[in-house]
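Take a look at the letters that make up each chain.
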Amino acid sequence: MKKLGFLCCLFVLLTAFTCENESIDSDLLNQEFQDNDDDNESDDNTSLLGDWELIEFSSDITTESDVNGVVFDSNFVSEAIDSDYILTFEQSTYSVSGDYDLVTTSTFDGETTTYTDSYNNVNGSGIYSTNGNIMTVDGTFVEFDVDGMPQDTAGEEQMAEFDLSDDGQTLTFAQDEVQVQNQPGISVTIHIISTSVWQKLD
């Protein structure tokens, strides 16, 4: 099993965690900030500050691996269930904590398998920044292991589009990203489409 970060939250979202069960999904949201035409002034993140509960998370990951001329295709579709998972934003940092289960359906070499992984006592933190409706984080808000993934992508800087509802109570991340990883004799193209929905806690 290899660890795959999203982003996503992220954000595949969905970030730099040392434990196998720690999560941060570099998962992905789409908020409308009003531009002030001053390129030297940073975005105001006040509307993001506080605690957000994970309501929905899904990810569709397609990979094409070329190993010395032999091509392998695989697909992983994951959805969060039974989540008790909190994302907290401060002015320039974030943290995640809680539990969730991921149901994943994987297809590799024509064979399809469905399995559920539980992530308990997840804890993680990192930094983030915004530019308009794009958030950049130093990892992901939700991490998960995907059987058969060829390489670890966690801990990398991620960019995600985000949207904040008009009432400021629902935050949605969306990511559509292609990553290309090359090593001697191996080329891997990873296409990640992920969304996560978070509800503001009072």
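Predicted model only: the values in this text are computed from it and were never measured.

(A) Quick peek at the nonpolar core. Counting 25 residues, the largest nonpolar core has Leu 87, Phe 89, Met 135, Phe 141, Leu 171, Phe 173 and Trp 198 as its most contacted members. Core analysis: the next-biggest nonpolar cluster, separate from the first, contains 6 residues, Ile 61, Phe 76, Tyr 115 and Ile 190 among them.

(B) Molecular detail of the packing of aromatic side chains. Inspection of every chain in the model, using the stated rule, returns 8 aromatic pairs. Between Phe 89 and Tyr 128 the ring centres are 4.9 Å apart and the planes differ by 65 degrees, which places this aromatic pair in the edge-to-face class. Separated by 39 residues along the polypeptide, Phe 89 in strand S3 (residues 70-89) and Tyr 128 in strand S5 (residues 111-131) bring together distant segments of the chain. Here the two residues Phe 89 and Tyr 128 agree in accessibility, since each one is buried. Where Tyr 94 meets Phe 141, the ring centres are 4.8 Å apart and the plane angle is 85 degrees; that geometry is what we call edge-to-face. Of this pair, Tyr 94 sits in strand S4 (residues 93-108) while Phe 141 sits in the loop between strand S6 (134-137) and strand S7 (143-146), and the two are 47 residues apart along the sequence. A relative accessible area of 1% places Tyr 94 in the buried class.

(C) Spatial organisation of the sheet that holds strand S8 (residues 158-164). Here 8 strands make up a closed barrel; going around it, the order is S2-S3-S4-S5-S6-S8-S9-S10 and the pairing antiparallel. Here the strands of the sheet are splayed against their neighbours by 30 degrees on average, with no regard to which way each runs. In this sheet, strand S10 (residues 186-200) lies alongside strand S9 (residues 170-183) in antiparallel orientation, the contact comprising 14 bridges. If you follow Thr 170 over to S10, its bridge partner there is Gln 199.

(D) Geometry of a nonpolar patch on the surface. On the surface, Val 67, Val 70, Phe 72, Phe 108 and Ile 186 cluster together into a nonpolar patch covering about 380 Å² of accessible area. Here Val 67 lies in strand S2 (residues 50-67).

(E) Spatial organisation of the pairing of S6. Relative to S6, S5 runs antiparallel, the two sharing 4 bridges. Its bridge partner lying in S6, Thr 130 is registered against Met 135. Hairpin connection between S5 and S6: a loop of 2 residues separates the two successive antiparallel strands, and Gly 132 in this loop has a positive phi of roughly 65 degrees.

(F) Geometry of the side chain of Thr 130. With respect to the helices and strands, Thr 130 occurs in strand S5. Its relative accessible area of 13% is what places Thr 130 among the buried residues.

(G) Spatial organisation of the environment of Trp 198. Along the chain, the position of Trp 198 falls in strand S10. Accessibility expressed as a relative area gives 0% for Trp 198, which makes it buried. When the C-alpha positions of Trp 198 and Leu 54 are compared, they lie 4.5 Å apart, and in sequence the two are 144 residues distant.

Cut-offs used in this document
Residues numbered from 1 in each chain as written. Predicted model: local features only at pLDDT ≥ 70, side-chain atom pairs only at ≥ 80, totals over all residues. Heavy atoms only, no water. Core = buried A, V, L, I, M, F, W, Y, C linked by side-chain atoms within 4.5 Å. Buried < 20%, exposed > 50% of the residue type's maximum accessible area, 1.4 Å probe, protein only. Phe/Tyr/Trp six-rings, centres within 6.5 Å; stacked < 30°, edge-to-face > 60°. Helix = DSSP H or I, 4+ residues; strand = E, 2+ residues; numbered from the N terminus. Pairing = 2+ DSSP bridges. Axes fitted to C-alpha atoms, helices over the stretch in contact; angles between N-to-C directions. Patch = residues over 30% accessible without salt bridge, like charges linked within 9 Å, V, L, I, M, F, W, Y side chains within 5 Å. Areas by Shrake-Rupley, 256 points an atom, 1.4 Å probe, with all protein chains shown as cover. Salt bridge = Lys/Arg side-chain N within 4 Å of Asp/Glu carboxyl O.

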